[in-house]
Amino acid sequence: MSFLQEFKSFAVKGNVMDLAVGVIIGGAFGKIVDSAVGDLIMPLVSKAFGGLDFSNYYVGLAGQAAGLSLVEAKKMGAVFAYGSFITVALNFIILAFIIFVMIRQMNKLVAEAPAEAAPKAITPEDVLLLREIRDSLKNKG
């Protein structure tokens with residue numbers, strides 16, 4: 001089998017296509033969660049803590065003056081941007097929770113769905129014949 005044929009066989013398998021769809025949907029879902037965190041949740045957290053904005057919390061490592069925005073402080077040198085880390089960590093926790101709830105719901109739906117009857121295995125003819133012979137021997141003996 002040539003390299004191109006082998007690659008084509010690999011690329012059109014169902015699992016690869018499912019993975020590609022999952023990656024694309026996951027990327028879009030990540031953007032939705034980023035927006036939910038940045039535009040909906042973090043402003044509420046900020047409001048609850050009196051206007052607190054985690055994203056601009058940092059410790060200047062290059063002698064930056066206090067009160068600069070994170071962008072300005074980064075232009076002047078290295079910063080320890082722990083506020084950005086808090087925002088990303090909250091984003092992860094929220095995303096993990098949403099995925100947990102979705103998978104939990106899907107598992108409930110799968111459990112509630114009636115189990116499909118497995119198709120009966122067709123017994124080979126020689127096995128049926130052997131069973132008949134066995135049964136007739138039992139009856140005679």
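Look up a bit, the structure's there.
In this report, we go over the structure that sits alongside the text. (Residues numbered from 1 in each chain as written. Predicted model: local features only at pLDDT ≥ 70, side-chain atom pairs only at ≥ 80, totals over all residues. Heavy atoms only, no water.)

**Regarding the side chain of Q64**
Here comes step 1: If you trace the backbone, Q64 turns up in the loop between β1 (59-60) and α3 (70-76).
Here comes step 2: Look at Q64 and you get buried, because its relative accessible area is 12%.
Here comes step 3: Within polar-contact distance, the side chain of Q64 engages the backbone nitrogen of L61 at 3.3 Å.
Here comes step 4: Side-chain polar atoms of Q64 contact the backbone oxygen of A73, separated by 3.0 Å.
Here comes step 5: Setting aside residues up to four positions removed in sequence, Q64 forms contacts with A73, M76, G77, A78 and V79. (Helix = DSSP H or I, 4+ residues; strand = E, 2+ residues; numbered from the N terminus. Buried < 20%, exposed > 50% of the residue type's maximum accessible area, 1.4 Å probe, protein only. Polar contact = N/O pair within 3.5 Å; in protein donor to acceptor, adjacent residues only side chain to side chain. Contact = heavy atoms within 4.5 Å.)

**With respect to a nonpolar patch on the surface**
Here comes step 1: A contiguous nonpolar patch, built from Y57, V59, L61, F80 and Y82 and spanning about 480 Å² of accessible area, is present on the exposed surface.
Here comes step 2: For V59, the location among the structural elements is in strand β1. (Patch = residues over 30% accessible without salt bridge, like charges linked within 9 Å, V, L, I, M, F, W, Y side chains within 5 Å. Areas by Shrake-Rupley, 256 points an atom, 1.4 Å probe, with all protein chains shown as cover. Salt bridge = Lys/Arg side-chain N within 4 Å of Asp/Glu carboxyl O.)

**Observations concerning the packing of aromatic side chains**
Here comes step 1: Here the structure, examined in full by the defined rule, presents two aromatic pairs.
Here comes step 2: Ring centres of Y57 and Y82 lie 6.0 Å apart, and the angle between their planes is 65°; this geometry places the pair in the edge-to-face category. Taken together, the residues span a long stretch of sequence, with Y57 in the loop between α2 (14-48) and β1 and Y82 in helix α4 (residues 82-112) at a distance of 25 residues.
Here comes step 3: Residue class for Y57 comes out partly exposed when judged on its relative accessible area of 32%.
Here comes step 4: Both rings, one in F80 and one in Y82, keep their centres 6.4 Å apart while their planes meet at 40°; by these two values the pair is tilted.
Here comes step 5: One aromatic cluster in this structure is built from Y57, F80 and Y82. (Phe/Tyr/Trp six-rings, centres within 6.5 Å; stacked < 30°, edge-to-face > 60°.)

**A few points about the nonpolar core**
Here comes step 1: In this structure, V33, V37, M42, F54 and I94 together form the largest nonpolar core, which totals five residues.
Here comes step 2: For this core, the element with the most residues is α2, which contributes three residues.
Here comes step 3: If we skip the residues at most four places from it in the chain, I94 touches V37 and I41. (Core = buried A, V, L, I, M, F, W, Y, C linked by side-chain atoms within 4.5 Å.)

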